[in-house]
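These are the residues of each chain, in order.
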Number of protein chains: 2
Amino acid sequence: MESVTIPEIPPSPVQDSETLKKAFQGWGTDEKALIRILGKRNASQRKMIAQTYQQIYNQSLFDSLRSELSGHFLKAILLWTNDPPERDARLINDALKAKKKGVKDLHVIVEVACASSPHHLMAVRKAYCSLFDCSVEEDIASNIQLPLRKILVRLVSSYRYDKEVVDMTVAKLEATHLHESIKNKELDHNHIVWILGTRNLFQLRATFACYKQEYSSTIHQDILKCGKGDLQDLLRIAILCIECPEKHFAEVIRASVYGLGTDEDLLTRAIVTRAEVDMVKINEEHNKMYNESVEDAVIGDTSGHYKDFLLTLLGKQI
Amino acid sequence: MESVTIPEIPPSPVQDSETLKKAFQGWGTDEKALIRILGKRNASQRKMIAQTYQQIYNQSLFDSLRSELSGHFLKAILLWTNDPPERDARLINDALKAKKKGVKDLHVIVEVACASSPHHLMAVRKAYCSLFDCSVEEDIASNIQLPLRKILVRLVSSYRYDKEVVDMTVAKLEATHLHESIKNKELDHNHIVWILGTRNLFQLRATFACYKQEYSSTIHQDILKCGKGDLQDLLRIAILCIECPEKHFAEVIRASVYGLGTDEDLLTRAIVTRAEVDMVKINEEHNKMYNESVEDAVIGDTSGHYKDFLLTLLGKQI
């Protein structure tokens, strides 16, 4: 369930565009108005607003935002105002083109591939081609080394069946295949790559359950024993995103605020990409795991308009 | 260029449905009327006709065709009347579920993956999920053995960039990679699989040209020297479909009529799936390669309404 709240009868895109334009004019910017509008519209409404704004003022809404805002607030509101497939294509491209990239930068690719609907992933691949003149799998193949390349190319190429059809015989058999490969520390074995990269999510959850039942430890625990560094990390994230995406994003939010300093990019990404998907569940999970709501985590670690914007996406009246 | 001819101002779907209904009624069927209508409408017009027929008569057009026609004519007209993505999904499923399947049965998967637009392949994958409750890559992974599985899963999962962007440095480098793997007779090497399965078609054609320039033999010739049976055959088809699909389909049509007997399923598939795509070019290629038009090949090997239907799809007035 999404956390973002949309007015029952929202203003028309023309009215919204006019209010936005007014917020940009004069001395200073009325950030509260920007948050009140953009933070309370769904993806298709935001798209309509951006198009309408362009038509009326012959100016890009994104350029107006860029010229008036700055810092983490700007980054967050730009990401949010982007059409979701385009937004995710850009996030993936940033990750692939990062100069000094660690495996953590690649998590976003796994998130888009394993914690989105097949339809959304397809739309992201389409947007990627339009924006960057090549396919996402092509860019992964030429920017990422083996063995990560193998699993990432497969995951982004999937178009999983999206209804609940589970074959328990297959689940048992494939749990055995997974266990065999993990036992041999072959985390890039074809079995692992194909099972995780082609099966529907319900089938995979059944396979993970069989794994636990049969071998008394979870697939996560066994992967973590392999000592395979980055590959192990990426696989763990993939399995978590398949098994329970809200748990993964609760972990991401926690990691972004935990300890000294805040990783605002990480926090923004988690909230912006999931506010319209499953933020209510992520919040429940975060509460359960860390005894703190996502809202309180945001309040504790951010400030100003950036804080207000994130809280708005979390459904709080500010 | 397509061979099928559409009237400039075609009758409405309602008029077409009424004419079809009349053709089914009374003593015997008016096959010529069926051919005249369905054989001269494009995919979206056929879809509209099938929907309209269903609405008016509360009966499926496909069922009506099935109850009135038979043999190769029925098979061909059903395949043609199907929506193209659904048609190709069914062809792939038939290939995967064939009891005694040889590598030739799998050619259709390569054709759909390598000789269609990325958009069409995406639509086929979507249709496959709707029709068969699992993804096409899932079915390939569980029905086809290695090493064919590896190349087929990759090819059907591609979403290639579809504009002409070629990087000659990449083409030269990847020609070397391909040559290296082929020289070592490793036809399922990751390099081959990823290059063929992710790059855009223009880039790949440049790579094949570099290959020829650098090594004085074509990639086809070198693959054929590997002695790798089915894998060699499948790769050759993939490269041909990427390099010059019209040549591949000219070969298919030739194979279907050459010698004693006719492989009607093969002939039907080639003409039905390409009549709206590139049949004019296929005909030119067929003429060049075998000194005979596709039309003459059809006339020489088929008869009756089946012949008339295929000739109509080839653009001939019958």
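Since the structure is predicted, the reported quantities are computational estimates derived from the model, not experimental observations. (Residues numbered from 1 in each chain as written. Chains lettered and ligands numbered in written order. Predicted model: local features only at pLDDT ≥ 70, side-chain atom pairs only at ≥ 80, totals over all residues. Heavy atoms only, no water.)

Section: the UniProt feature "binding site: Ca(2+)" (unreviewed entry) in chain A
All names here are of chain A. Under the local residue numbering, the UniProt record ascribes the feature "binding site: Ca(2+)" (unreviewed entry) to Phe24, Gly26, Gly28, Glu68, Gly261, Asp301 and Thr302. Over a stretch of 279 residues, the named residues are scattered through the fold, their C-alpha atoms separated by up to 34.7 Å. Mapped onto the secondary structure, glycine 26 falls in the loop between helix H1 (13–24) and helix H2 (31–38). Judged by relative accessible area, which is 65%, glycine 26 ranks as exposed. Relative to the elements of secondary structure, glutamate 68 occurs in helix H4 (residues 61–68). In this structure, glutamate 68 is in contact with Phe24 and Thr29, ignoring residues within four places of it in sequence. Side chain to side chain, glutamate 68 and threonine 29 meet in a polar contact 2.7 Å long. (UniProt positions renumbered as here; feature names shortened; annotations may be inferred. Helix = DSSP H or I, 4+ residues; strand = E, 2+ residues; numbered from the N terminus. Buried < 20%, exposed > 50% of the residue type's maximum accessible area, 1.4 Å probe, protein only. Contact = heavy atoms within 4.5 Å. Polar contact = N/O pair within 3.5 Å; in protein donor to acceptor, adjacent residues only side chain to side chain.)

Regarding the pattern of salt bridges
Under the criterion given, the structure shown has 48 salt bridges over all chains. When the shortest N-O distance is used, the salt bridge between Lys97(A) and Asp139(A) registers 3.2 Å. Of this pair, Lys97(A) sits in helix H6 (residues 84–97) while Asp139(A) is found in helix H9 (residues 136–143), placing the two residues 42 residues apart along the sequence. We note a salt bridge from Asp16(B) to Arg41(B), for which the minimum N-O separation is 2.8 Å. Of this pair, Asp16(B) sits in helix H1 (residues 13–24) while Arg41(B) sits in the loop between helix H2 (31–38) and helix H3 (43–57), placing them 25 residues apart in sequence. (Salt bridge = Lys/Arg side-chain N within 4 Å of Asp/Glu carboxyl O.)

Brief notes about the relation of the copies chain A and chain B
For these two chains of identical sequence, chain A goes onto chain B by a turn of 180° and a shift of 0.0 Å along the axis, with RMSD 0.0 Å. Viewed as a symmetry operation, the transformation between the two copies matches a two-fold axis. Considering only C-alpha atoms, the part of chain A nearest the rotation axis is Ser157(A), at 2.7 Å. (Least-squares fit on C-alpha atoms with pLDDT ≥ 70 in both.)

Some points on the interface of chain A and chain B
Accessible area lost upon the coming together of the parts is a frequently used measure of interface size. Taken together, the contact pairs 27 residues of chain A with 27 residues of chain B. Of the roughly 2600 Å² buried at the junction of chain A and chain B (both faces included), carbon and sulfur atoms supply 58%. In terms of surface lost to chain B, no three residues of chain A exceed Tyr159(A), Tyr161(A) and Trp194(A), which account for 26% of the buried area on that side. Across the pair Arg154(A) and Glu137(B) runs a salt bridge whose closest N-O atoms are separated by 3.7 Å. (Buried area = accessible area lost by both parts, 1.4 Å probe.)

Digging into the side chain of Thr198(A)
Residues and elements named next belong to chain A. Within the secondary structure, threonine 198 is located in helix H12 (residues 190–198). Judged by its relative accessible area of 2%, threonine 198 is buried. Among the polar contacts listed, one links the side chain of threonine 198 to the backbone oxygen of tryptophan 194, at a separation of 2.8 Å.

Examining helix H13 (residues 201–215) of chain A
Residues and elements named next belong to chain A. Over its 15 residues, H13 extends 21 Å from the first C-alpha to the last, a length consistent with the 21 Å expected when each residue adds 1.5 Å. Among the residues making up H13, those that are buried are Leu201, Gln203, Leu204, Ala206, Thr207, Phe208, Cys210 and Tyr211. The secondary structure elements touched by the buried residues of H13 are helix H7 (107–114), helix H11 (168–183), H12, helix H14 (219–224) and helix H15 (229–243). Taking the backbone nitrogen of phenylalanine 202 as reference, a side-chain oxygen 2.8 Å away marks asparagine 200 as the first, capping residue of H13. The positive-phi residue at the C-terminal boundary of H13 is serine 216, with phi of around 60°. (Expected span 1.5 Å × (residues − 1).)

Concerning the nonpolar core
Residues Leu20(A), Leu61(A), Leu65(A), Ile109(A), Ile140(A) and Ile271(A) are the most contacted members of the largest nonpolar core, which totals 100 residues. Looking at this core element by element, the count peaks at 8 residues for H15(A). Excluding anything up to four places from it in sequence, Ile271(A) contacts Ile253(A), Met279(A), Val294(A), Val298(A), Leu310(A), Leu313(A) and Leu314(A). Judged by nonpolar contacts, the second largest core, of 99 residues, contains Ile77(B), Leu148(B), Ala270(B) and Leu310(B). (Core = buried A, V, L, I, M, F, W, Y, C linked by side-chain atoms within 4.5 Å.)

Re empty space enclosed by the protein
In this structure the tally under the stated criterion is 2 cavities of 30 Å³ or more. Computed from the structure, the largest cavity encloses a volume of approximately 150 Å³. Lining of the largest cavity is provided by Lys150(A), Val153(A), Arg154(A), Asn190(A), Val193(A), Trp194(A), Lys150(B), Val153(B), Arg154(B), Asn190(B), Val193(B) and Trp194(B). Those elements that place two or more of their residues in the lining of the largest cavity are helix H10 (148–156) and H12 of chain A together with helix H10 (148–156) and helix H12 (190–198) of chain B. Of the residues in the lining of the largest cavity, the class split is 6 nonpolar, 2 polar and 4 charged. Considered as a void within the structure, the second largest cavity measures approximately 40 Å³ in volume. What lines the second largest cavity is simply Val112(B), Ala113(B), Ser116(B), Ser117(B), Pro118(B), Leu121(B), Ser158(B) and Arg160(B). Elements with a minimum of two residues in the lining of the second largest cavity: helix H7 (107–114) and helix H8 (118–132) of chain B. Grouping the amino acids of the lining of the second largest cavity by side-chain chemistry returns 4 nonpolar, 3 polar and 1 charged. (1 Å grid on protein atoms, 1.4 Å probe; cavity = no way out; pocket = protein on both sides within 12 Å on 5 of 7 lines; lining within 4 Å. Points joined across faces, edges and corners; volume = space filled by probe spheres on them. Nonpolar A, V, L, I, M, F, W, Y, C, P; charged D, E, K, R; others polar.)

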